[in-house]
Amino acid sequence: MITIWPQYLDKNLSLSEGRKISKEYAVSNPTIAEIERALKRLGFTYNSQKERAYPGKWYEKSGRVLVEYENTKLELIKEVSLKIKEIRK
């Protein structure tokens, strides 16, 4: 199981604030709904937890998504982010 927090994909955050991928792959202000839509289109099995708070921002309930995935977390995050960019167009 891999956990995806919206902060991992957020172009507006620095690496120290939680972004995991380079700004060229990242998107602005991703939502749990967008992450779910991207995962659905990519054909992944996932479970959303909308009431969870990212540890770095414990006061803000941003939610998270747990995904069944065999490869690395970074590969999954890049794939999801690129799919969100495609959906937004």
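Check the entry above for the structure.
For the structure given in this document, a descriptive report is provided here.

Parameters at a glance
Residues numbered from 1 in each chain as written. Predicted model: local features only at pLDDT ≥ 70, side-chain atom pairs only at ≥ 80, totals over all residues. Heavy atoms only, no water. Helix = DSSP H or I, 4+ residues; strand = E, 2+ residues; numbered from the N terminus. Rg over C-alpha atoms; globule rule 2.2 N^0.38 Å. Buried < 20%, exposed > 50% of the residue type's maximum accessible area, 1.4 Å probe, protein only. Contact = heavy atoms within 4.5 Å. Areas by Shrake-Rupley, 256 points an atom, 1.4 Å probe, with all protein chains shown as cover. Lys, Arg positive; Asp, Glu negative; His and termini not counted. Charge placed at Lys NZ, Arg CZ, Asp CG, Glu CD. Salt bridge = Lys/Arg side-chain N within 4 Å of Asp/Glu carboxyl O. Polar contact = N/O pair within 3.5 Å; in protein donor to acceptor, adjacent residues only side chain to side chain.

### Details of the overall build of the protein
Thinking step 1. A count of helices and strands for the protein gives two helices and three strands.
Thinking step 2. Reading the protein from its N terminus to its C terminus gives the helix and strand order β-α-β-β-α.
Thinking step 3. Over its C-alpha atoms the protein spans a radius of gyration of 12 Å, differing by no more than 12% from the 12 Å that the globule rule assigns to 89 residues.
Thinking step 4. Dimensions along the principal axes, computed over C-alpha positions, put the protein at roughly 30 × 25 × 25 Å.
Thinking step 5. Expressed as a percentage of its 89 residues, the buried residues of the protein come to 42%.
Thinking step 6. In the protein, once contacts between residues fewer than 6 apart in sequence are set aside, the share between residues at least 24 apart is 58%.
Thinking step 7. By element, 47% of the accessible surface of the protein is carried by carbon and sulfur atoms, the whole surface being about 5,300 Å².
Thinking step 8. When the 18 positive and 12 negative side-chain charges of the protein are each reduced to one mean point, those points stand 3 Å apart.

### Here's the deal with the environment of Asp10
Thinking step 1. Here Asp10 shows up in the loop between strand E1 (2-4) and helix H1 (32-42).
Thinking step 2. The sequence separation of Asp10 and Ser28 amounts to 18 residues, and the corresponding C-alpha distance is 5.3 Å.
Thinking step 3. Non-local contacts of Asp10, meaning those with residues more than four positions away in its chain, are made with Arg19, Ala26, Val27, Ser28, Asn29 and Pro30.

### Looking at H1
Thinking step 1. Considered for burial, the residues of H1 that qualify are Ile32, Glu34, Ile35, Glu36, Ala38 and Leu39.
Thinking step 2. On its buried side, H1 packs onto E1, strand E2 (46-49), strand E3 (64-67) and helix H2 (73-88).
Thinking step 3. Where H1 terminates, the next one or two residues include Gly43, which has phi positive at roughly 85°.

### Looking at the side chain of Arg19
Thinking step 1. Summarising the element assignment, Arg19 is placed in the loop between E1 and H1.
Thinking step 2. Salt bridges are absent for the buried Arg19, whose nearest opposite-charge side chain, Asp10, sits at 7.3 Å.
Thinking step 3. A polar atom in the side chain of Arg19 sits 2.7 Å from the backbone oxygen of Ile21.
Thinking step 4. Aside from chain neighbours lying at most four places away, what touches Arg19 is Gln7, Tyr8, Asp10, Lys11, Leu13, Ser14 and Ala26.

The quantities given are spatial measurements derived from coordinates; they are silent on function.
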